[in-house]
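Here is what each chain is made of, one letter per residue.
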Amino acid sequence: MSITVRFFASIRERLGKGEDNIDIKGIATVADVWNKSAKIPLPPNVLAAVNMEYARTDQAVRDGDEVAFFPPVTGGAR
Amino acid sequence: MKIRVSAEAFDPWQEIERHQAGQAGLAGKFGATAVFVGTLRDFNQGAGVQAMTLEHYAPMTGKHLQRVADEAAARWPIEDLLVIHRYGELHPGEPIVCVAVWSAHRDAAFAACRYVIDELKTRAPFWKQELTDAGRRWVEQEK
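Everything quoted here is computed from the prediction, not taken from an experiment.

The rules behind the values
- Residues numbered from 1 in each chain as written.
- Chains lettered and ligands numbered in written order.
- Predicted model: local features only at pLDDT ≥ 70, side-chain atom pairs only at ≥ 80, totals over all residues.
- Helix = DSSP H or I, 4+ residues; strand = E, 2+ residues; numbered from the N terminus.
- Rg over C-alpha atoms; globule rule 2.2 N^0.38 Å.
- Buried ≥ 20, exposed ≤ 12 C-beta atoms within 10 Å, placed from the backbone.
- Contact = placed C-beta atoms within 7 Å.
- Nonpolar A, V, L, I, M, F, W, Y, C, P; charged D, E, K, R; others polar.
- Pairing = 2+ DSSP bridges.

### Regarding the overall build of chain B
Right, on to step 1. Along the backbone of chain B there are three helices and nine strands.
Right, on to step 2. Going residue by residue from the N terminus, the α and β elements of chain B occur as β-α-β-β-β-α-β-β-β-α-β-β.
Right, on to step 3. Computed over C-alpha atoms, the radius of gyration of chain B comes to 16 Å, within 12% of the 15 Å expected from 2.2 N^0.38 for 143 residues, which places it in the range of a compact globule.
Right, on to step 4. Principal-axis analysis of the C-alpha atoms gives chain B an extent of 50 × 25 × 25 Å.
Right, on to step 5. Residues counted as buried form 32% of the 143 residues belonging to chain B.
Right, on to step 6. Long-range pairs, those at least 24 residues apart, make up 78% of the contacts in chain B between residues at least 6 apart in sequence.

Structure, rendered in structure tokens:
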């Protein structure tokens with residue numbers, strides 16, 4: 001299956017890419033998508049989204065999904 | 001209800017006035033307007049800030065801002081709502097975000113305005129990179 005992968009902010013800079021397309025065989029999760037595209041261990045504070053919805057790293061992905069990885073969003077102190 | 005995410009600098013007061021004037025049927029229906037405007041400071045976490053670049057994930061931002069606005073409209077009896085959020089490069093003194101809520105009475109206007117700004121700050125995917133006196137830095141933890 002084909003997955004579009006997107007990286008933002010400091011994650012994008014660290015990996016040196018903002019977008020990727022990967023092909024995965026069989027059943028795969030968000031974490032599998034990270035491993036295949038980023039090729040470094042998943043940092044603990046990274047957030048993920050599947051098709052614009054926040055997702056856990058053990059969520060399954062489907063063909064055609066867009067999976068995004070990014071640091072915590074920064075809204076500012078109250 | 002209007003939601004706009006824009007790279008262009010905006011004047012929140014003009015936007016509020018224009019929005020209110022352009023909504024047929026709104027006049028007479030509201031007795032309260034609550035407004036929040038967030039503006040870029042020239043200091044953050046002990047450093048001088050020269051500029052800030054706001055990066056976002058456009059389709060996800062739009063989806064989540066719309067959802068937060070819909071939630072506010074479902075929870076409080078509001079007549080209208082306006083949200084404008086910047087992205088791109090900003091300088092100190094420039095507005096970052098504006099939330100305006102029109103309602104019959106002030107309780108709903110205040111509560112919905114507060115809800116929208118608080119929720120968008122934790123749910124809308126924006127990331128800040130500051131240009132400080134010491135160079136560029138990503139703001140990833142708020143103190």
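### Re unusual backbone geometry
All names here are of chain A.
Right, on to step 1. In the Ramachandran plot, Ala 9 falls in the positive-phi region, its phi being about 55° despite a non-glycine side chain.
Right, on to step 2. In this structure, Ala 9 sits in helix H1 (residues 9–15).
Right, on to step 3. Positioned with a positive phi, Asn 51 is a non-glycine residue whose angle comes to about 50°.
Right, on to step 4. Within the secondary structure layout, Asn 51 lies in the loop between strand E3 (47–50) and strand E4 (53–55).

### Regarding the interface of chain B and chain A
Right, on to step 1. Counting residues at the interface gives 17 residues for chain B and 14 residues for chain A.
Right, on to step 2. For the side of chain B that touches chain A, the secondary-structure elements that each account for two or more residues are helix H2 (58–75), helix H3 (106–123), strand E8 (126–132) and strand E9 (135–139) of chain B.
Right, on to step 3. The class makeup of the residues in the side of chain B that touches chain A is nine nonpolar, one polar and seven charged.

### Some points on the pairing of strand E5 (residues 78–86) of chain B
Residues and elements named next belong to chain B.
Right, on to step 1. Of all the nine residues making up E5, eight are buried; the element is thus mostly covered by neighbouring parts of the structure.
Right, on to step 2. Pairing between strand E1 (residues 2–6) and E5: five bridges, direction parallel. In the strand pairing of E5, Val 5 is matched with His 85.
Right, on to step 3. Alignment of E5 against strand E7 (residues 95–103), held across seven bridges, turns out to be antiparallel. Across the sheet, residue Leu 81 finds its bridge partner in E7, namely Val 101.

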